[in-house]
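Residue-level structure breakdown
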Amino acid sequence: MAVQVRVPTILRTYTGGAKLVEGTGDTVAALFLDLDSRYDGLRGRLVTGDDGTELHRFVNIYINDEDVRFLGGLDAKLGDGDEVTILPAVAGGSADARV
Amino acid sequence: MLRIDRACYEAIVAHARRDHPDEACGVVAGPAGSDRPERFIAMENAERSPTFYRFDATEQLRVWREMDDRDEEPVVIYHSHTATEAYPSRTDISLAGEPGAHYVLASTREPDSTEFRSFRIVDGAVTEEPVEIV
């Protein structure tokens, strides 16, 4: 499955500055492995766990308009022509605040 | 330095006050590359928490797409601290994902004054910058 992937500013250091890249895979997990073969290190910013089986908590991945958390996470299925968007979550808060 | 117009400044403060004691969050978009925050967008705090904020993921995609379509970027990303000073916490620093943005912190811990400060957060390094309200 060939898909288009939108890469956020903060991760474009891995894609040589490219905002839109192509990848293949029938699931999000497979797509990330494919991307990592050309953009070394990118996958490490998107997944966590010893073998990278979990989506990073503070990264949002969308297939077309849908948050993959509602589609099975890394197991979410991709179809030809899908557009995948990567967005870092905008999050934070005073929990660890410097006082 | 952050230059922001009075209407956007007041909108941020009003949003922070309205959601107190929960943290409020949002962005001010501006033309890409301009460094001018012009379009105030209050965001939902999906966490509804006095110590944490997170943009609702679906709303974030919609707003980010809209900015893309209008050739805008998030010039300011703001949130409030409701019991502590307006300074980025370790959480804020480790999660800062927009290296080009001005991170604005508004503290509502004092009932009758709102501390309003702006920072750059790049690769874990925090730099405070002056704020000019125009």
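In this text the structure is predicted, and so the values were computed from the model without any measurement. Numbering of residues starts from 1 in each chain and follows the order in which that chain's sequence is written. All chains are assigned letters beginning at A, and all ligands numbers beginning at 1, according to the order in which they are written. pLDDT decides what is reported in this predicted model: residues at 70 or higher carry local features, side-chain atom pairs at 80 or more are listed and counted, and totals for whole chains, interfaces and linings draw on all residues regardless. For the side-chain quantities, the full set of heavy atoms in the structure was used; hydrogens and water were omitted.

1. A short note on the overall build of chain A
- Looking only at helices and strands, chain A features one helix and eight strands.
- By the criteria applied, helices consist of DSSP H or I runs no shorter than four residues and strands consist of E runs no shorter than two, each listed in order from the N terminus. In chain A, the succession of α and β elements from N to C terminus is β-β-α-β-β-β-β-β-β.
- With respect to the principal axes defined by its C-alpha atoms, chain A has extents near 50 × 30 × 30 Å.
- Relative accessibility thresholds used throughout: buried, under 20% of the residue-type maximum; exposed, over 50%; partly exposed, between the two (1.4 Å probe, protein chains only). When burial is assessed residue by residue, chain A has 46% of its 99 residues classed as buried.
- Total accessible area on chain A is roughly 4,800 Å²; 48% of this is exposed by carbon and sulfur atoms.
- Treating the 10 positive side-chain charges of chain A as one cloud and the 16 negative ones as another, the clouds have centres 9 Å apart. We get accessible surface area from the Shrake-Rupley algorithm with a probe of 1.4 Å; when it comes to residues, only the shown protein chains can shield them. Counted as positive: Lys and Arg. Counted as negative: Asp and Glu. His and the chain ends are not counted at all. The atoms used to mark charge sites are NZ of Lys, CZ of Arg, CG of Asp and CD of Glu.

2. Section: the nonpolar core
- To qualify as a nonpolar core, a set must consist of buried Ala, Val, Leu, Ile, Met, Phe, Trp, Tyr and Cys residues joined through side-chain atoms within 4.5 Å. Counting 24 residues, the largest nonpolar core has V27, F55, V63, W64 and I77 of chain B as the members making the most contacts within it.
- When residues of this core are traced back to their parent elements, those giving at least two are β2 (25-31), β3 (39-43), α2 (57-69), β6 (102-107) and β7 (115-122) of chain B.
- In this structure, V5, L35, L42 and I86 of chain A belong to the second largest nonpolar core, which totals 23 residues.

3. Quick word on the environment of A16 of chain B
Residue and element names in this part refer to chain B.
- Among the structural elements, A16 can be located in helix α1 (residues 6-19).
- Here the alpha-carbon distance between A16 and Y78, two residues 62 residues apart in the chain, equals 9.4 Å.
- Between two residues, a contact is recorded if the distance between any of their heavy atoms is within 4.5 Å. In this structure, A16 is in contact with A24, S80, A106 and T108, ignoring residues within four places of it in sequence.

4. A short note on the environment of T85 of chain A
- Locating T85 of chain A in the fold gives a position in strand β7 (residues 83-88).
- Considering only alpha carbons, one finds T85 of chain A and I63 of chain A, 22 residues apart in sequence, at a separation of 6.6 Å.
- In this structure T85 of chain A touches R6, N60, I61 and Y62 of chain A together with L61 and R65 of chain B, once residues within four positions along its chain are discounted.

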